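A look at the structure
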There are 2 protein chains.
Amino acid sequence: MKVLIVHAHPEPQSFSAAMCRTAVGTLAAQGHTVTVSDLYAQRFNPVASAADFAERRNPDYLNYALEQRHAQEGGTLAPDIRAEVDKVLACDLLILNFPIYWFSVPAMLKGWIDRVFVSGVFYGGKRIYDRGGLRGRRALVAASLGGREHMFGPQALHGELNGMLRHVLQGSLGYVGFDVLEPFYAHHVPYLPEAERAAMLEHWRAALGALDARPTLPMPSLDRFDDTFRPLAGA
Amino acid sequence: MKVLIVHAHPEPQSFSAAMCRTAVGTLAAQGHTVTVSDLYAQRFNPVASAADFAERRNPDYLNYALEQRHAQEGGTLAPDIRAEVDKVLACDLLILNFPIYWFSVPAMLKGWIDRVFVSGVFYGGKRIYDRGGLRGRRALVAASLGGREHMFGPQALHGELNGMLRHVLQGSLGYVGFDVLEPFYAHHVPYLPEAERAAMLEHWRAALGALDARPTLPMPSLDRFDDTFRPLAGA
């Protein structure tokens, strides 16, 4: 299996960075090929802008998705985007490894999605969800956060954490066709004693050893919708 | 009323930019004072990193929220962050005006939240939701998107759009104490003929003229939770 880990934490000694290293070591020991995009270390540019397109389909008005499609077709995607697109297309499993900032990914990782999930490759027209460009691949969110487990759930303070991250799990990964595995969350990390952090890394290692048994999240199927994406009668 | 509009679109001729200008004109004509943070025009830096802190509480290990709190207390917040914090603290109404990228805000705006929603000012310890630092202020999301209205809803393809944006509406704006108004969504914008775009801007103008009648979204109340954020019996 080829694995791409996209890691986005500004502190190399962080627990999130330790999770990244644990994943590299564990997966490599299983015989998998692992590639890491360490976005802070790469000084990745997260800002989608006109500067991404050397040759414009419409130089007078920027529609980012249309220019992505044009650049993809013409082979003029910016080199930093092209490199990340190729890494994703080469992988069987994508792991997004990050600290939760504001119940979402850090801007650094959001910008990786904005710029790398290219129209015409990852999705396009009716090619979304179970017809998305990345179908047949798996994705796993591995996130650390300050909040405790009891703060999340149907009756809990913040509601469901998977619900907070639905824009990533369904709206980004599921949308482009990934089978999205149940996320791995490391709760309360900044406040844990060292022994509990070590135990959490062991849980993570065990989860990585049992990916085939890990449940996938339910996603919409286009079989239930017509050509204009309206629900089919009886579906 | 003092209004801050935070606008994040890379194309100055976009419909989103027209929404921003419409809001400035409409609200100013009503006698309000309007400030705009045009993040792309400002070349705002969306990347939270160690570079944000000239004087570190802990130079050996970056905990971003702790360094924010330290910088806030010591008066050493980075000037670009301080300027945005002050604009937010001066406003009665915050409008986030943006195109929806991947069922969320563009990375540019996510980074504004990551860097500007400073621990110790916007929130801290138990000061969240109805005890958040920004309570008494209102916030409104004004977003354009490609999807059509029928693609969103309980039985629709993508589910509820407010649900996709829960990390912003509840997890960011509600979390720091804003009364969050029902969002204004401009659907299907890239595909609309000019007349329908003009009609949409009129709807937007009308919405801005009736903000006091606009419903607010339900948010958690800390009255229903104990000191550890567990639900109170019977609450």
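As the structure is a computational prediction, the values presented were derived from the model and not from experiment.

The rules we used
- Residues numbered from 1 in each chain as written.
- Chains lettered and ligands numbered in written order.
- Predicted model: local features only at pLDDT ≥ 70, side-chain atom pairs only at ≥ 80, totals over all residues.
- Heavy atoms only, no water.
- Contact = heavy atoms within 4.5 Å.
- Buried area = accessible area lost by both parts, 1.4 Å probe.
- Salt bridge = Lys/Arg side-chain N within 4 Å of Asp/Glu carboxyl O.
- Polar contact = N/O pair within 3.5 Å; in protein donor to acceptor, adjacent residues only side chain to side chain.
- Helix = DSSP H or I, 4+ residues; strand = E, 2+ residues; numbered from the N terminus.
- Buried < 20%, exposed > 50% of the residue type's maximum accessible area, 1.4 Å probe, protein only.

What follows concerns the interface of chain A and chain B. Contacts between the two partners involve 57 residues from chain A, matched on the other side by 57 residues from chain B. At the boundary of chain A with chain B, total buried surface from both sides reaches about 4500 Å², with 62% on carbon and sulfur atoms. Among the residues of chain A in contact with chain B, A:Trp102, A:His150 and A:Leu157 are the three that bury the most area, contributing 19% of the side total. In this assembly, chain A and chain B are joined by 0 salt bridges. Taken together, chain A and chain B are joined by 25 residue pairs in polar contact (both at pLDDT 80 or more). Those elements giving two or more residues to the side of chain A that touches chain B turn out to be helix H4 (107-116), helix H5 (161-164) and helix H6 (166-174) of chain A. Looking at the side of chain A that touches chain B element by element, the count peaks at 6 residues for H4(A).

Another point: the environment of B:Leu161. Residues and elements named next belong to chain B. Secondary-structure assignment places leucine 161 in helix H6 (residues 161-164). On the accessibility criterion, leucine 161 (5% relative accessible area) is buried. Beyond its immediate chain neighbours, meaning those up to four positions away, leucine 161 contacts Ile100, Leu145, Phe152, Tyr185 and His187.

Here we come to the pattern of salt bridges. A full pass over the atoms with the stated rule returns 18 salt bridges over all chains. Across the pair B:Asp114 and B:Lys110 runs a salt bridge, and its minimum N-O distance is 2.6 Å. Note that B:Asp114 and B:Lys110 are positioned in helix H5 (residues 107-116) at a spacing of 4 residues, about one turn of the helix. Among the residues examined, B:Asp114 registers a relative accessible area of 4% and is labelled buried. Owing to a relative accessible area of 3%, B:Lys110 belongs among the buried residues under this scheme. Among the charged side chains, a salt-bridge network with shared partners connects A:Asp52, A:Asp80 and A:Arg115.

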